[in-house]
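Analysis of the macromolecular model
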Amino acid sequence: MERRNLLRAAVAAPAVSLVAPALGATPASAHSSAGKFDEAGPRFALAVLPDTQYLFDADSADPAPLRETFSYLLEQRAEDNIAFLTHLGDVTEHGTDAEIKLAGETFKKIDGRLPYSVLAGNHDVNSSTNDQRGTTAYLSTFGPARFRGRKTFLGASADGYNSAHLIEAGGRQWLILALDWRISDGGLTWAQGILQAHSRTPAIVTTHDLAYADDGGKAYLSGNGQRLWDKLIKGNDQIFLTLNGHYWPPGRTVLKNDAGHDVHVHITNYQDRYYGGAAMIRLYHFDLVRNRIDVETFSPWFLSKSPRTPLEAETIELTSDVDRFSLEIDFDERFAGFAPPALPAPRPAARVVDRHTAAYWRFDTAGQSVADGAVVRDLSGKGNHLTVRRLATGDVSLSQDHHVGAPAHASLYFAGGKNPNRGAILHTGDKAPINSAKFLGGYTIEAFIKLPEPFVGDHSWMGVFSWEGRAVDAGKKSGYDELEPTCSLNLSGERFLQYVLYTEDGDHNPTSWSHALPTGVWQHVAIVNDGRRSIIYVNGSKIARNPTQPAHGIATVGRPFVIGATSYDLKYEQGFYGWIGDVRITDRPLKPTQFLPGGRFI
């Protein structure tokens, strides 16, 4: 069962069950093999483990919950793509040799199998000292010697109480600083040096004491936290998240750094809960596609139990606003100040044109004009040049805005609409080969489009492109209206793409529909026809409503191909509203890997 479904089922289950486990079922703790971590995938998780001190408290110690947490992380590493585990300090209650030794033995379960960091809390060392305290049982067990030689271990301060870890996740590097609960000025200088040496790397600061929260979950900097903020965090834009334990209840807040950017400040501590928190973990699920971090908090130990006592059942998962929540972070934008995204360079037409290219238009040619009568050349060499023509009112203009994967770093902005009807079109000449092309062997039509944000006015059924002509002129009567063109891509009032086709063979009118397109975001749209059926892709993803009706060829009637509007009864009314980038027509079906973005869809 998928882990999240298992968790939901566990929460819904009664506290005590009289039903025996399924035959052959294996407790979660029996699964300890570490799954493979995907460094390149855009989704990964950071595991956070706060104060475990009551599990390592003199002769009442019970490491079983932590062992189960470690087993769970190893078992789920591949499914949740867990990159790293960070402990927030107070590993033990008194920091004695015996407590530290037992904790160290417990951590051996993940040594070399799951990268992690540990830092000293006030219960692990003499709380009246800073990181210059010298040798301790904690340092001997959890100091640099334990991590030396590990792939993610970047180094430690000379005293050994502060460490830096560099992980590869989501196709980029992330820096994690694990700082002593009372870092010295020398330790701060060391941390600053690490940040400067990795100045283009987003960073997370972990420490034991940084912020506390009120009963409503609102976090505030502690005295030590204010010092860290003033001397380290606020002046280093790459620090976007801080994590600390020590205080309860949990809480969070957002502070603005010197660059005016958000820094998320989170407190995570469950030692006041049943069984000292039972090694409860928090998973930060990073999603670089959706630009968000989804956070959940639960106890693998309670999850593994069956039957459960009432308190175990009650504490499996925490769902308050400070325990289960999501952060919306545009990672590229947030990190742009210190690590601007490396955008692909423009690609020349020769890179995206071959013998199968029927037409290719782009808008970055030096000296390109969009005055009425101006020509946009067909770079396929097939002679399907476009001429600019404004409708009754409306306009079209050149723009540098473009899809990140577009070969040309330019587009056209169309100021189309209706009430009154307005817009502009680009159309082929009367003798252009594309006007009569039937594409009986299949085809791929691609376009980059972007809808404005805000999307103002009524633009229902505006056209992106079309072949002029009427269905009745091609002998087609099966469609919605005999006066509509034989092939067009339009946008409904709900912003659904509509691809209307009248086939060359037979009287068929298969029509495809997409989902609602978002505004303010570039989209790559591709219509792929293999000679039998048409499939639409948006950003390399196949849409749902692709009909199975026969779709052999396009019933063109020798009239122009048009970008920027769809005609009705050979007349143009409203035009497109938004941006259109490169448009390419290929006389064969392409795979998504062959589309114009070259795999860079977002």
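In this report, we go over the structure that sits alongside the text.

Digging into the pairing of strand 28 (residues 522–529)
- Counted residue by residue, strand 28 has eight buried out of eight residues, so it is predominantly covered.
- In the sheet, strand 23 (residues 443–450) pairs with strand 28 via eight bridges, with the strands oriented antiparallel. Along strand 28, the bridge assignment pairs K450 with W522.
- Where strand 28 and strand 29 (residues 534–538) come together, five bridges link them in antiparallel fashion. Pairing of N529 across the sheet is with S534, part of strand 29.
- Where strand 28 folds back on strand 29, the antiparallel hairpin that results is connected by four residues, among which G531 adopts a positive phi of roughly 95°.

Some words on the pattern of salt bridges
- Per the stated rule, a full pass over the model turns up 33 salt bridges.
- Residues D262 and K256 are paired through a salt bridge, measuring 2.6 Å at the closest nitrogen-oxygen approach.
- For the salt bridge of K450 with D401, the shortest nitrogen-to-oxygen distance reads 2.7 Å. With K450 in strand 23 and D401 in the loop between strand 20 (396–399) and strand 21 (411–415), this pair connects stretches of sequence that are 49 residues apart.
- The structure contains a network of salt bridges with shared partners spanning R43, D287, R290, R292, D294 and E328.

Some details on the sheet that holds strand 7 (residues 203–207)
- Across the sheet, seven strands lie side by side as 4-5-6-7-10-12-11; this open sheet has mixed pairing. Edge positions in the sheet fall to strand 4 (153–156) and strand 11 (251–256), since each has one partner strand and no second. Sheet twist, expressed as the average angle between the axes of neighbouring strands with direction ignored, equals 20°.
- Alignment of strand 4 against strand 5 (residues 163–169), held across three bridges, turns out to be antiparallel. Across the sheet, residue A156 finds its bridge partner in strand 5, namely S163.
- Contacts between helix 7 (residues 185–197) and the sheet are confined to strand 4, strand 5, strand 6 (172–178), strand 7 and strand 10 (239–244), with strand 6 contributing the most and set at about 180° to the helix.

Some points on the packing of helix 7 against helix 8 (residues 223–233)
- Look at helix 7 against helix 8: their axes get within 10 Å of each other, and the N-to-C directions meet at 45°. Regarding the angle of helix 7 to helix 8, the classification is oblique. Pair helix 7 / helix 8 crosses with right-handed handedness. Contacts between helix 7 and helix 8 pair D185, L188, A191, Q192 and L195 from the former with R227, L228, K231 and L232 from the latter.
- Looking at the contact of helix 7 with helix 8, its residues break down into five nonpolar, one polar and three charged.

So, the pairing of strand 26 (residues 496–501)
- Counting buried residues in strand 26 gives five out of six residues, a clear majority hidden from the surface.
- Bridge analysis of strand 25 (residues 487–491) against strand 26 gives five bridges, and the strand direction is antiparallel. Considered in strand 26, the bridge of C487 is made with L501.
- Connecting strand 25 to the next strand, strand 26, in antiparallel fashion are four residues, including R495 with a positive phi near 70°.

Considering helix 7
- Under the 1.5 Å per step criterion, the end-to-end length of helix 7 is 18 Å for 13 residues, consistent within 8% with the ideal 18 Å.
- G187, L188, W190, A191, I194 and L195 are the residues of helix 7 that are buried. All buried residues of helix 7 project into a common sector of 160° when viewed along the axis, lining one side. Seen from the open side of helix 7, the exposed residues pointing more than 90 degrees away from its buried face are T189, Q196 and A197.
- In this structure, the buried residues of helix 7 make contact with strand 4, strand 5, strand 6, strand 7, helix 8 and strand 10.

Focus on helix 4 (residues 97–107)
- Among the residues making up helix 4, those that are buried are E99, I100, A103, G104, T106 and F107. Seen end-on, helix 4 carries its buried residues on one side only, within an arc spanning 160°. In helix 4, the exposed residues that point more than 90 degrees away from the buried face are D97, A98 and K101.

Remarks on the environment of V456
- Note on placement: V456 falls in the loop between strand 23 and strand 24 (462–467).
- Placed 121 residues apart in sequence, V456 and Y577 show a C-alpha to C-alpha distance of 9.4 Å.

Scoring rules and cut-offs
Residues numbered from 1 in each chain as written. Predicted model: local features only at pLDDT ≥ 70, side-chain atom pairs only at ≥ 80, totals over all residues. Heavy atoms only, no water. Buried < 20%, exposed > 50% of the residue type's maximum accessible area, 1.4 Å probe, protein only. Helix = DSSP H or I, 4+ residues; strand = E, 2+ residues; numbered from the N terminus. Pairing = 2+ DSSP bridges. Salt bridge = Lys/Arg side-chain N within 4 Å of Asp/Glu carboxyl O. Axes fitted to C-alpha atoms, helices over the stretch in contact; angles between N-to-C directions. Contact = heavy atoms within 4.5 Å. Parallel < 35°, antiparallel > 145°, perpendicular 65-115°, else oblique. Left-handed = near helix turned anticlockwise from the far one by under 90°. Nonpolar A, V, L, I, M, F, W, Y, C, P; charged D, E, K, R; others polar. Expected span 1.5 Å × (residues − 1). Arc of directions from axis to C-beta.

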